[in-house]
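Structural overview
What follows is each chain in one-letter form.
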Amino acid sequence: MKKILIPGRVRKISGGFSFIPLRFLTDGFLELLPQKELLLYFFLVVVSDRNGLSYYRYDKICSILEMNMDEYIEARNALIGKDLLAFDGAVFQVLELPEKAPVRTPRTDAYDAL
């Protein structure tokens, strides 16, 4: 049996609807996403309502996540292309995970050049 390490600090769900299923890790979604995409995805999960909807504007997102506009647009469009996010120009929807993670494409991160 698992032992709770600090019983007075057990996480409780209260007020929010943030949730990332274990499949995000076990089905390869986590390793699929570069850092900026993960950051934007996790942010939108945290701020979305029970339907996955978020009304944060791009300027506020960029400020909070310390991303420039190009990084934000690239991450947003990549998440849409990977079927993890929908966006209508004003509202985001974090989508239910697809059946399987998309095929990983080679990254063009600056770190790859090292």
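So, a few notes on the structure that sits alongside this text. Here the structure is a predicted model, which is why all the values come from computation and not from measurement.

Some points on the side chain of Ser54
- You can see Ser54 is positioned in strand β1 (residues 53-54).
- With relative accessibility at 2%, the residue Ser54 sits in the buried group.
- Here the side chain of Ser54 touches Tyr56 through a polar contact of 3.4 Å, landing on its backbone nitrogen.
- Among all residues touching Ser54, those that are not within four sequence positions of it are Leu44, Val47, Ser48, Ala90, Val91 and Phe92.

Focus on helix α4 (residues 58-65)
- Among the residues of α4, those classed as buried are Ile61, Cys62 and Leu65. Angular distribution of buried residues about the axis of α4 spans 100 degrees; they occupy a single face of the element.
- Contact partners of the buried residues in α4: α3 (35-47), α5 (69-81) and β3 (92-94).
- In the stretch just after α4, Glu66 is the one whose phi turns positive, near 55 degrees.

Remarks on α3
- End to end, α3 covers 18 Å across 13 residues, agreeing with the expected 18 Å (1.5 Å per residue, within 8%).
- Within α3 the residues assigned to the buried category are Glu37, Leu38, Leu40, Tyr41, Phe43, Leu44 and Val45.

Structural notes on the sheet that holds strand β2 (residues 85-87)
- The strand order across the open sheet formed by three strands is β1-β3-β2, and the pairing between neighbours is antiparallel. Because the sheet does not close on itself, it has two edges, and the strands there are β1 and β2.
- As paired elements, β1 and β3 share two bridges and run antiparallel to each other. Looking at β3, one finds that Ser54 is bridged to Phe92.
- Against the sheet, α3 makes contact with β1, β2 and β3, and its axis sits at roughly 95 degrees relative to β3, the strand it touches most.

A few points about the pattern of salt bridges
- Here the structure, examined in full by the defined rule, presents four salt bridges.
- When the shortest N-O distance is used, the salt bridge between Arg23 and Asp27 registers 2.6 Å.
- Given a relative accessible area of 34%, Asp27 falls into the partly exposed group.
- Lys82 is paired through a salt bridge with Glu37; the nearest N and O atoms lie 2.6 Å apart. Within this pair, whereas Lys82 is found in the loop between α5 and β2, its partner Glu37 is found in helix α3, the two being separated by 45 residues in sequence.

Calculation rules
- Residues numbered from 1 in each chain as written.
- Predicted model: local features only at pLDDT ≥ 70, side-chain atom pairs only at ≥ 80, totals over all residues.
- Heavy atoms only, no water.
- Helix = DSSP H or I, 4+ residues; strand = E, 2+ residues; numbered from the N terminus.
- Buried < 20%, exposed > 50% of the residue type's maximum accessible area, 1.4 Å probe, protein only.
- Polar contact = N/O pair within 3.5 Å; in protein donor to acceptor, adjacent residues only side chain to side chain.
- Contact = heavy atoms within 4.5 Å.
- Arc of directions from axis to C-beta.
- Expected span 1.5 Å × (residues − 1).
- Pairing = 2+ DSSP bridges.
- Axes fitted to C-alpha atoms, helices over the stretch in contact; angles between N-to-C directions.
- Salt bridge = Lys/Arg side-chain N within 4 Å of Asp/Glu carboxyl O.

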